[in-house]
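# Overview (structure and organization)
For reference, the chains in residue letters:
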Amino acid sequence: MRIIAIQKEAQGLSKRDFVPHLRDEARGGWELYKEGVIREMYFRDDKPEAVLILECNDVQEAEEKLSTLPLVQKGLISFELIPLRPYHGYERLFEKE
């Protein structure tokens, strides 16, 4: 199952709160990428949030995998998870009128 994960920063934090953990966070993201959990990763252009495309069996597995990231463990970020399913709208092209 594909899942979109949108990063949310905890309120009241500054960039300084994140700096000591960013190398470990990158390492954790790399490990999830090598596992095939993170398929794509982006930064939003309009605000400082990461958007990940995950491949997991379900939302629960996605939560478990993301909970291994240092910034999540330290309560600095969380993720909104949006499960996706295939788009079947093209089938309308093949319906008889």
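Criteria and thresholds
Throughout, a residue's number is its position along its own chain's written sequence, starting from 1. Where totals are concerned, whole chains, interfaces and linings use all residues; where local detail is concerned, this predicted model gives features only for residues with pLDDT of at least 70, and gives and counts side-chain atom pairs only at 80 or more. Just so you know, side-chain values use all the structure's heavy atoms and leave hydrogens and water out. We count a stretch as a helix when DSSP gives it H or I for four or more residues in a row; a strand needs E for two or more, and each element gets its number in order from the N terminus. Radius of gyration: over C-alpha atoms. The globule rule applied is 2.2 Å multiplied by the number of residues raised to the 0.38 power. Burial here depends on accessible area, computed with a 1.4 Å probe over protein chains only, as a share of the maximum for the residue type. Under 20% is buried, over 50% is exposed, and the range in between is partly exposed. The criterion used for residue contact is that any of the two residues' heavy atoms lie within 4.5 Å. By the counting rule applied here, Lys and Arg register as positive and Asp and Glu as negative, while His and the ends of each chain are not counted. Throughout, a charge is located at the NZ atom of Lys, the CZ atom of Arg, the CG atom of Asp or the CD atom of Glu. Strands are labelled as partners when DSSP assigns at least two bridges between them. The aromatic pairing rule takes the rings of Phe, Tyr and Trp, using the six-membered ring of Trp, and pairs them if the centres are within 6.5 Å, calling planes under 30 degrees apart stacked, those over 60 edge-to-face and the rest tilted.

A word on the overall build of the protein. On a plain count of helices and strands, the protein comes out with 4 helices and 4 strands. Over its C-alpha atoms the protein spans a radius of gyration of 16 Å, topping by over 25% the 13 Å that the globule rule assigns to 97 residues. Reported as C-alpha extents along the three principal axes, the dimensions of the protein are approximately 60 × 30 × 20 Å. The proportion of buried residues among the 97 residues of the protein is 31%. Considering only contacts within the protein whose residues lie at least 6 apart along the sequence, 68% involve residues at least 24 apart. Here the protein holds 15 positive side-chain charges and 19 negative ones, and the gap between their average locations is 4 Å.

Turning next to the pairing of strand E2 (residues 38–43). Put simply, side chains in a regular strand alternate between the two faces of the sheet. Note: E2 against strand E3 (residues 50–55), 5 bridges, orientation antiparallel. Counted as the bridge partner of Glu40 is Ile53 from E3.

Here the focus is the packing of aromatic side chains. In total, this model carries 2 aromatic pairs according to the counting rule given. Relative to Tyr33, the ring of Trp30 lies with its centre 5.6 Å away and its plane at 15 degrees, an arrangement referred to as stacked. Highlighted residues: Trp30 and Tyr33, both in helix H2 (residues 22–35), separated by 3 residues, approximately one helical turn. Aromatic side chains Tyr87 and Tyr90 sit 5.3 Å apart centroid to centroid with 85 degrees between the ring planes, which places their arrangement in the edge-to-face category. In this structure, Tyr87 and Tyr90 share a single accessibility class: exposed.

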